[in-house]
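The primary structure of each chain is shown beneath.
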Amino acid sequence: MGQLDYIKDIAKFGLENDQNRLLSVVNDLIEYSKKTKKVNFAIQLQSIIKESIQHQSTNSLTKVGSENYYNRIEDKEVSDLILEKITSDYRLENIVADQEIMTNLVAFIEEHRKIEVLRRFDLPVANKLLLHGQSGCGKTLASYVVAGELHKMMIVINIGAIVSSKLGETSKNLAKIFRKAAIEDCIIFLDEFDSLGKVRDYSQDHGEMKRVVNTILQLFDYLPQSSIVIAATNQRDMLDDALLRRFDNIIEFSLPGEKEIKALIDLTLKNGRFVFDNKTSANKIAKEAQGLSYYSIQKTLITAIKRSIFALETPENMLSAKISTAIWKQLIEMEKKALAR
Ligand SMILES: Nc1ncnc2c1ncn2[C@@H]1O[C@H](COP(=O)(O)OP(=O)(O)O)[C@@H](O)[C@H]1O
Ligand SMILES: [Mg+2]
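Described in the following lines is the structure provided in the data block. Along each chain, residues carry numbers from 1 onward, in the same order as the chain's sequence is written. Lettering of chains starts at A and numbering of ligands starts at 1, both following the order in which they are written. For a predicted model such as this one, the threshold for reporting local features is a pLDDT of at least 70, and the threshold for listing and counting side-chain atom pairs is 80 or more; totals across whole chains, interfaces and linings nevertheless cover every residue.

**A few points about the sheet that holds strand β5 (residues 228-233)**
Strand order in this open sheet of six strands is β1-β3-β4-β5-β2-β6, and the pairing throughout is mixed. The strands lining the two open edges of the sheet, one partner per strand, are β1 (84-86) and β6 (249-253). The mean inter-strand angle of the sheet, taken between neighbouring strand axes irrespective of direction, is 20 degrees. Where strand β2 (residues 128-133) meets β6, five bridges bridge the pair, whose relative direction is parallel. When the bridges of β6 are listed, L130 appears paired with I250. Note that contacts rest on C-beta atoms placed from the backbone: two residues are in contact if these are within 7 Å. Axes, fitted as lines to C-alpha atoms, cover a helix only where it is in contact. Angles between the N-to-C directions of the axes lie from 0 to 180 degrees. Strands are runs of DSSP state E lasting at least two residues, helices are runs of H or I lasting at least four, and both sets are numbered from the N terminus onward. Its contacts with the sheet place helix α5 (residues 99-113) against β2, β5 and β6, and it is angled at close to 145 degrees to β6. Each pair of strands is called paired provided DSSP finds at least two bridges between the two strands.

What follows is the structure, given as structure tokens:
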């Protein structure tokens, strides 16, 4: 059967209201998609099935005040906290990092690929990862790489946004998100994790914030072995020891050195369409770019490519172009100046 045959069956059983056969075709399509390397599509279908099974108990007509009614409200509150639920196409080759970061990242991924082996030996699984370091150096990207390599969906939660919104229910809602992630086998990504520490100092609502931190500590302690939590922060020193100690692995991301900048350029130009107009001067600029983040360097390079294309007389007809190193140099200098300010 090909993909179109599955879709025909899905339409048929769906319209005939034949739930059992519908579910069985969708499951077949998931297997088929995995075999034909449409892994993200398969993961998304799986997630749809899991969600609809959860919803089925709450989806029929519900009496106000009944247990189902409250479940439905809860679902809505949880989804308000979730920034996005994503699948990822990112792989290890999409990130540039020094040897140490790479080794750590690969080891973390490996551990979850071979989780069965660890189980057989009764060994604990490292499943709590903290990424810290300067902004624009690949923390968010690294979390996408982990999700992509492990073919898992990822629930993205911005702790900063949660903390600054409705504190009242935060700890309860966090617990719900962790439960949801465990049921649906998703990675939880807690961005701006340092917000936890910040608010503890300044907030008027001291009590609730303490509760949130305690909830997180508890959720971390009782995290199922197959669940994964990744937290990211630009300010590791905002986190106290009790929190830091909970993480199995802590990876620091730092600004790229000369070698990493070269690798970032190669990665950005990997489709081979664009080459520098002057290789020597490109090398020199790459050296001068030290001190800037991966993000800034990549941004200036892409801007330089665009401007070089626009400078052509007939850009529409060109499939490749030379990147003007003069333009790029100027952009890099501007970034450095902005940084010095
Ligand atoms: N180490 C890296 N390797 C390759 N690209 C990177 C790296 N760090 C940052 N980038 C580029 O910059 C963008 C923003 O980086 P991001 O991961 O959001 O940084 P952070 O979360 O550390 O602030 C990424 O989507 C990517 O395009
Ligand atoms: Mg980030």
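Once you've had a look at it, read on.
**A look at the site of ligand 1**
Any residue whose C-beta atom, as placed from the backbone, lies within 6 Å of a molecule or strand is termed near it. Close to ligand 1 lie 16 residues; G138, K139, T140, L141 and Y294 are nearest. Of the residues that constitute the shell around ligand 1, the class distribution is 10 nonpolar, five polar and one charged. All residues other than Ala, Val, Leu, Ile, Met, Phe, Trp, Tyr, Cys, Pro, Asp, Glu, Lys and Arg, Gly among them, are scored as polar; the first ten of these are nonpolar and the last four charged.

**Remarks on the packing of helix α14 (residues 279-288) against helix α16 (residues 325-340)**
Following both chains from N to C, one finds α14 and α16 inclined at 10 degrees, their axes separated by 10 Å at the closest point. Here α16 runs roughly parallel to α14, going by the angle between their axes. Packed against α14, whose contacting residues are S281, A282, I285 and E288, the element α16 presents T325, W328, K329 and I332 at the interface. Its residues placed into classes, the contact of α14 with α16 shows four nonpolar, two polar and two charged. Throughout this description, any angle smaller than 35 degrees is read as roughly parallel, any larger than 145 degrees as roughly antiparallel, any in the 65 to 115 degree range as roughly perpendicular, and the remainder as oblique.

**Details of the packing of helix α15 (residues 294-310) against α16**
As a packed pair, α15 and α16 sit with axes 9 Å apart at the nearest point and diverge in direction by 145 degrees. The hand of the α15/α16 crossing is right-handed. Residues S296, T300, L301, T303, A304, R307 and S308 of α15 form the contact with α16, whose own contacting residues are I327, W328, L331, I332 and E335. Class assignment for the residues of the contact of α15 with α16 results in six nonpolar, four polar and two charged. Crossing chirality is assigned from the near helix's rotation relative to the far helix, an anticlockwise turn below a right angle marking it left-handed and a clockwise turn marking it right-handed.

**Here's the deal with helix α2 (residues 19-35)**
With 17 residues, α2 should cover 24 Å at 1.5 Å per step; its first-to-last C-alpha distance of 24 Å lies within 8% of that length. Every buried residue belonging to α2 is among V25, L29, I30 and S33, and all of these are buried. Seen along its axis, α2 keeps its buried residues to an arc of 150 degrees; they face one direction. Exposed and facing more than 90 degrees away from the buried side of α2 are N20, E31 and K35. Once α2 ends, the next one or two residues include K37, with phi positive near 65 degrees. Here the expected span of a helix is defined as 1.5 Å times the quantity of residues minus one. Every C-beta atom is placed from the backbone, and the number of other C-beta atoms within 10 Å of a residue's own sets its class: buried at 20 or more, exposed at 12 or fewer, partly exposed in between. Of all possible arcs, the one meant is that of the directions from the helix axis to the C-beta atoms.

**Structural notes on helix α1 (residues 3-15)**
Structurally, the α-helix is built with 3.6 residues per turn, so residues lying three or four positions apart point the same way. Look at α1: 18 Å from first C-alpha to last across 13 residues, which is about the 18 Å you get at 1.5 Å a residue. N17 occupies a position one or two residues after α1 and carries a positive phi of about 60 degrees.

**Digging into unusual backbone geometry**
Not every positive phi belongs to a glycine, and K37 is a case in point at roughly 65 degrees. On the secondary structure map, K37 appears in the loop between α2 and α3 (39-59). Not every positive phi belongs to a glycine, and D122 is a case in point at roughly 60 degrees. Looking at the element boundaries, D122 is found in the loop between α6 (115-120) and β2. Overall, D122 belongs to the exposed group, with 6 C-beta atoms counted inside 10 Å.

**Quick look at the pairing of β5**
Of all six residues making up β5, six are buried, and the element is well covered by its neighbours. Along β5, one buried face is formed by I228, I230 and A232 and the opposite face, lined by V229, A231 and T233, is buried too. With five bridges joining them, β2 and β5 adopt parallel strand pairing. If you follow H132 over to β5, its bridge partner there is T233. Note that strand β4 (residues 187-191) and β5 share four bridges and pair parallel. Following the sheet pairing, F189 is matched in β5 by I230.

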